[in-house]
Amino acid sequence: TPGGPSVPGEENIRGYFEPPAEPDAHQRRWGLKAGQGNWTRWHLHDERFDLRRHPNEFHRFGWVVEIDPHDPAATPVKRTALGRAVHEGAAVGVAKDGRAVVFMGEDARFEYIYRFVSRDPIRPGGAAANRDLLDHGTLAVARFDADGRGRWLPLVHGLGPLTDDNGFADQGEVVVRTREASDRLGGTKMDRPEWTAGGARSGAVYGTLTNNPARGQPGQPGADAANPRAPNPTGHILRWRHGDDLAADGFAWDIVAFGGGDTPGDAFSGPDGLTLDSRGLMWIATDAAAPLTDAEPGSRLWLPRNQLLACDPDAPGGAQPRRFMVAPPGCEVTGPVMTPDCRTLFVNIQHPDPGWPTPDGPPRSATVVITREDGGVVGT
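Here is a short report on the structure shown in this document.

### Focus: the layout of surface pockets
Here the second largest pocket defines a volume of roughly 1000 Å³. Lining the second largest pocket are 46 residues; nearest its centre among them are Ala 90, Trp 195, Thr 196, Leu 274 and Thr 275. When contributions to the lining of the second largest pocket are tallied by element, the ones reaching two or more residues are β3 (87–94), β10 (193–198), β14 (271–276) and β18 (332–338). Partitioned by chemical class, the residues of the lining of the second largest pocket number 20 nonpolar, 17 polar and 9 charged.

### Describing the packing of aromatic side chains
For the structure on display, the rule yields 15 aromatic pairs. Between Phe 17 and Phe 49, the aromatic rings sit 5.4 Å apart at their centres with planes inclined by 45°, giving tilted as the arrangement. Of the two residues, Phe 17 is situated in the segment before α1 (25–29) and Phe 49 in the loop between α1 and β1 (65–66); the sequence distance between them amounts to 32 residues. For the pair Phe 17 and Phe 49, a shared accessibility class is recorded, and that class is buried. Judged by centre distance (6.5 Å) and plane angle (65°), the rings of Trp 152 and Trp 240 are edge-to-face. Of the two residues, Trp 152 sits in strand β8 (residues 149–154) while Trp 240 sits in strand β12 (residues 236–241), which places them 88 residues apart along the sequence. Both residues of the pair, Trp 152 and Trp 240, belong to the buried class. By way of ring pairs, the aromatic residues Tyr 16, Phe 17, Trp 39, Trp 42, Phe 49, Phe 58 and Phe 61 are connected into one cluster.

### Section: empty space enclosed by the protein
Evaluation of the coordinates by the stated rule reveals 2 cavities of 30 Å³ or more. By volume, the second largest cavity is sized at about 40 Å³. As for the second largest cavity, its lining consists of Gly 199, Ala 200, Arg 201, Ser 202, Tyr 206, Leu 276, Asp 277, Gly 280, Pro 313 and Asp 314. Partitioning the lining of the second largest cavity into residue classes produces 4 nonpolar, 3 polar and 3 charged.

### Observations regarding the sheet that holds strand β16 (residues 307–311)
Judged by pairing direction, the sheet is antiparallel, and its 4 strands sit side by side in the order β14-β15-β16-β17 without closing on themselves. The two strands at the open ends of the sheet, each matched to only one other strand, are β14 and β17 (322–326). Across the sheet, the mean angle separating the axes of adjacent strands is 25° when strand polarity is ignored. Sheet topology note: the β16/β17 ladder contains 4 bridges and is antiparallel.

### Focus: the side chain of Gln 307
Along the chain, Gln 307 turns up in strand β16. Within the structure, the side chain of Gln 307 is placed 3.3 Å from the backbone oxygen of Ala 267, a separation counted as a polar contact. Within polar-contact distance, the side chain of Gln 307 engages the side chain of Arg 323 at 2.5 Å. Beyond its immediate stretch of four places on either side in the chain, Gln 307 contacts Ala 267, Phe 268, Ile 284, Ala 285, Thr 286, Arg 323, Met 325, Val 326, Ala 327 and Val 333.

### Side note on the nonpolar core
Core analysis: the largest hydrophobic core is formed by 21 residues, its most contacted members being Leu 82, Met 104, Tyr 114, Phe 116, Leu 134 and Leu 155. Counting residues per element, the ones that place at least two in this core are β4 (99–106), β6 (114–121) and β7 (137–144). The greatest single-element share of this core, amounting to 3 residues, is contributed by β4.

### Topic: the environment of Asp 254
Along the polypeptide, Asp 254 turns up in strand β13 (residues 250–258). Excluding residues that lie within four positions of it along the chain, Asp 254 makes contacts with Leu 238 and Arg 239. In this structure the side chain of Asp 254 is engaged in a polar contact, spanning 2.8 Å, whose partner is the side chain of Arg 239.

### Digging into the sheet that holds β7
Strand pairing in a sheet relies on backbone hydrogen bonds. The paired strands run either parallel or antiparallel. Strand order in the open sheet made by the 9 strands is β3-β4-β6-β7-β8-β13-β12-β11-β10, with antiparallel pairing throughout. Only two strands of the sheet have a single neighbouring strand rather than two, namely β3 and β10. For this sheet, the mean angle separating the axes of adjacent strands, direction not counted, is 30°. Bridge count for β8 against β13 is 3 bridges, and the pairing is antiparallel. Bridge assignment links Gly 150 to a residue of β13, and that residue is Phe 251.

Criteria and thresholds
All chains use their own residue numbering, which begins from 1 and follows the written sequence. Residue-level local features of this predicted model are given only where pLDDT is at least 70; pairs of side-chain atoms are given and counted only at 80 or more, and the full residue set underlies all totals for whole chains, interfaces and linings. Remark: hydrogens and water are excluded; side-chain values derive from all non-hydrogen atoms of the structure. Using only the protein atoms, space was sampled on a 1 Å grid; points where a 1.4 Å probe fits but cannot get out form cavities, open sets with protein on both sides within 12 Å along at least five of seven lines form pockets, and lining residues are those with an atom within 4 Å of a point. Grid points are joined across faces, edges and corners, and a volume is the space filled by probe spheres set on the points. Only runs of H or I of at least four residues qualify as helices and only runs of E of at least two qualify as strands under DSSP, and these elements are numbered from the N terminus. Side-chain classes are defined by residue name, with Ala, Val, Leu, Ile, Met, Phe, Trp, Tyr, Cys and Pro counting as nonpolar, Asp, Glu, Lys and Arg as charged, and the others, Gly among them, as polar. Aromatic pairs are defined between Phe, Tyr and Trp rings, using the six-membered ring for Trp, whenever the two ring centres lie within 6.5 Å; interplanar angles under 30 degrees are classed as stacked, those over 60 as edge-to-face, and all others as tilted. The classification of residues rests on relative accessible area computed with a 1.4 Å probe and restricted to protein chains. Under 20% of the type maximum is buried, over 50% is exposed, and intermediate values are partly exposed. Here the rule is simple: two strands pair whenever DSSP picks up at least two bridges between them. Lines are fitted to the C-alpha atoms to define the axes, a helix being fitted only along its stretch in contact, and any angle between axes, read from their N-to-C directions, falls within 0 to 180 degrees. Side-chain atoms alone can form a polar contact between residues adjacent in sequence; in general such a contact is a pair of N or O atoms within 3.5 Å, and within protein one must be able to donate a hydrogen while the other accepts it. Note on contacts: a residue pair qualifies if any of its non-hydrogen atoms lie within 4.5 Å across the two residues. In these notes, a set of buried Ala, Val, Leu, Ile, Met, Phe, Trp, Tyr and Cys residues joined through side-chain atoms within 4.5 Å is what counts as a nonpolar core.

What follows is the structure, encoded as structure tokens:
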């Protein structure tokens, strides 16, 4: 963040709790199903993970968490004003008047893109001077209209349908039940919006839509302007612009690139991690669950592994992603970060198959550091 700390998100929270025999409407909205069980079986050893005994424990998770990597003694703080969701990440920018602006996705099918604008401007003095900056402000959900315009709809108790009569007693209920509040406001249901990233050079904001094979299936929403493929097995990348102020309520939007070979350049599937470097180059990390099955091995569309790609999203004729790195089997590529001088690129290899990074050792997630042998700029 501009104040100094980092803001990771809590993701996939439902997989750690044992659901009740008959989940209520709120629990069902968050993906809890009767007889589903959970990933970890932690509830057998710690009853806090058993929603049959502690139904509110689930609400402690799904937040953006602020940590200070420069102070090992600092206590992580869950910034609940930013809303509760399956947060894949957060991207922080600065509004025209100096306030912090946070863009967030939610890694789930038919969920939403969010924005938070702080009440107060960023103060000089780093983390110590901005301890409560993200505790006060306005959370909003995005609506993408068919005419290429969009609007941020405020998730504020008492505005529109977010009232006690509709089950929202106060702002606490609005942020705990962010999904239901967004449903009420009519936010646009997206194809797994995972990462967001801002372009310092252009002022645009970008978001990855990883995939959604359920779109258009019986009982599910069909295609819309911002999610035009039904089904959408390979994902796409969206862009929106607020003019000269990230805090503006309205924006214009367009689609930068489609997965599955429908965009010029190298084919990709499952865009996930995203960053823009100081030159304005976009780096796209993929998390495709499986190879594209409609292509022959060796063809342009045969993608047996995940990868990292780069492109200029503002290039004449549109973005043309180029493959930069192919990852080991079984992994997700995530967390790309470029240093300001563009001479060092960091990227994470998450949950690789056995045999990586050493043939005889257990599989290990790792951060890979990429530099040029001549010490020059990466990605020229």
